[in-house]
Amino acid sequence: MAVMTAPIHIERVKTSRRASIDFNNLGFGNYISDHMSLTEYSNGSWGETKIVPYGDLTLSPAMLALHYGQAIFEGMKAFKNKDGQIIIFRPQRHLQRMNKSLERMCMPLLSEELFMSSLTTLLEVDADWIPTNEGSSLYLRPFMFASEAKLGVKISDEYKFIILTSPVGPYFSKAVKVKVEEEFVRAAEGGTGFVKCAGNYGGAFYPTMLAQKQGFDQVLWTDSKEHKYIDESGAMNVMFVLNGKLVTPKLLSSLLDGVTRDSILTMSESMGIQKEERRVSVAEIEEGFKNGTLTEAFGVGTAAVVSPIASISIHGRNYELPPVGPDSFQLRAKKKLNDIRMGYEADVHGWNYILPK
Ligand code: COI
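Just so it is clear, the structure is predicted and the values come from calculations on it, not from any experiment. (Residues numbered from 1 in each chain as written. Predicted model: local features only at pLDDT ≥ 70, side-chain atom pairs only at ≥ 80, totals over all residues. Heavy atoms only, no water.)

**A look at the nonpolar core**
Burial of nonpolar side chains together is a common tendency in soluble globular proteins. Heads up, the condition is: Buried residues of nine kinds, namely Ala, Val, Leu, Ile, Met, Phe, Trp, Tyr and Cys, make up a nonpolar core once their side-chain atoms join them within 4.5 Å. Exposure classes here rest on a 1.4 Å probe applied to the protein chains alone. A residue is buried below 20% of its type maximum, exposed above 50%, and partly exposed in between. Going along the chain from the N terminus, every DSSP run of H or I of four or more residues is numbered as a helix, and every run of E of two or more is numbered as a strand. The contact criterion used is simple: two residues touch if any of their non-hydrogen atoms lie within 4.5 Å.
Residues Ile88, Leu110, Phe115 and Leu123 are the most contacted members of the largest nonpolar core, which totals 50 residues. Element by element, the count of residues in this core is highest for helix H3 (residues 112-125), at 7 residues. When neighbours within four sequence positions are excluded, Phe115 is seen to be in contact with Met76, Pro91, Leu95, Met98, Leu110, Pro142, Phe161 and Ile163.

Structural data, given as structure tokens:
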């Protein structure tokens, strides 16, 4: 991927906040690095990108994103590999998805040049913020929102494209307990479930909060018509090992085309397991628990990486997954993904974008 770097204005912080961060105890999303990238859109074109100290913005309370929800984001990760090179994992794939989100929300698309030059310049400036502890990374959050001030319901003519970065540890600290959701719906087919618009997440808070009050960590979303088929879980796609096969819900307009989902399906081809992307019914998962053919269930996502599912509640009955053994598919897949990113295994699919020194 060739990146032509347009001139980018850089204003550096006077004093870095980095020394105040405990890199051994990051959690997820608690800290934001010193700088952010900011590009503004108006009169039909993008202005100059600036790297500026991370800080508050001055915005109109009438801006359209706050009222009518034109706001989308991506989630990506950067690492330092075993040779100390900075890598971004699959940025082109993330850009493709970001542009799908932008198109669906009637927002201006991003060129590869604008996206990559903002990202790489920001990473060069905040390279010291990339954690090196195992399981940690620099989470990259490109996002865009409608900034035109107008109360009329319309497609905005002005936008801000910002990238924040955040040193993060694991998203979940333990295996998650999920509940099959049979009342609320995350997304219907034909809606916006396949894109990363802010409203998808806000709309999921209430059912998730109710599930958490019942002792679960996340909900397992089902189809909007019958609640019979599994879509995805909060902030991650889901995969099962059922009858010795890797089974995952096929992509529909109601679920997110996860980059980690795609990476694991691709890697599975060389891992001695057959994969099935298809509709996955709640009934067959329950049957798999009963007859012992469901041996693994896990969530996959950029933030979640590969996160084991401890139990699934189906129609009010709680089913426990067996403990995750060292030879389990999910642990092997997690290790393989990490080895590719760190440079211990050949990157045969060309997933790592290595920043030029
Ligand atoms: C990601 O994996 O990047 C996500 O979008 C999850 C996020 C909402 C924390």
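Having seen the model, we can carry on.
**A closer look at the site of the ligand**
Operational definition: Working definition: residue near molecule or strand if any one of its non-hydrogen atoms lies within 4 Å of it. Pairs of N or O atoms within 3.5 Å make up the polar contacts considered here, provided that, within protein, one atom can donate a hydrogen while the other can accept it, and that residues adjacent in sequence are counted only when both atoms are side-chain atoms. Accessibility throughout is a Shrake-Rupley quantity obtained with a 1.4 Å probe, and a residue counts as covered only by protein chains that appear here. Note on residue categories: nonpolar means Ala, Val, Leu, Ile, Met, Phe, Trp, Tyr, Cys or Pro, charged means Asp, Glu, Lys or Arg, and polar means any other residue, Gly included. Where each domain starts and ends follows an automatic or database-derived domain assignment.
Close to the ligand lie Phe28, Phe73, Gly75, Tyr139, Arg141, Tyr171, Lys196, Tyr201, Ala235, Thr302 and Ala303. In the model, an oxygen atom of the ligand is placed 2.7 Å from a nitrogen or oxygen of the Tyr139 side chain. Between the ligand and the protein, one listed contact pairs an oxygen atom with a side-chain N or O atom of Lys196 at 2.3 Å. With the chains in place, 90% of the 280 Å² that the ligand exposes on its own is no longer accessible. Looking at the shell around the ligand, its residues break down into 7 nonpolar, 2 polar and 2 charged. The residue makeup of the shell around the ligand includes at least three contributed by each of domain 1 (9-168) and domain 2 (176-342).

**Some remarks on the domain arrangement of the protein chain**
Under the convention used in this document: Note: buried area is the sum, over both parts, of the accessible area (probe 1.4 Å) each one loses when the two are combined. Basic side-chain nitrogens of Lys or Arg form a salt bridge, by our definition, when they fall within 4 Å of a carboxyl oxygen of Asp or Glu.
Domain parsing of the protein chain yields domain 1 (9-168) and domain 2 (176-342). A separation of 27 Å is found between the C-alpha centroids of domain 1 and domain 2. Taken together, the 23 residues of domain 1 in the interface contact 21 residues of domain 2. Between domain 1 and domain 2 lies a buried interface of about 2,100 Å² when both sides are counted; carbon and sulfur atoms form 60% of it. Contact with domain 2 buries area across many residues of domain 1, yet Phe73, Arg97 and Arg104 alone supply 29% of it, more than any other trio. Across the domain 1-domain 2 interface, the total number found is 3 salt bridges.

**Side note on the side chain of Lys179**
Among the structural elements, Lys179 can be located in strand S10 (residues 176-180). When sequence neighbours within four positions are dropped, the list of residues in contact with Lys179 reads Ala211, Gln214, Phe216, Gln218, Val219, Leu220 and Ser313.

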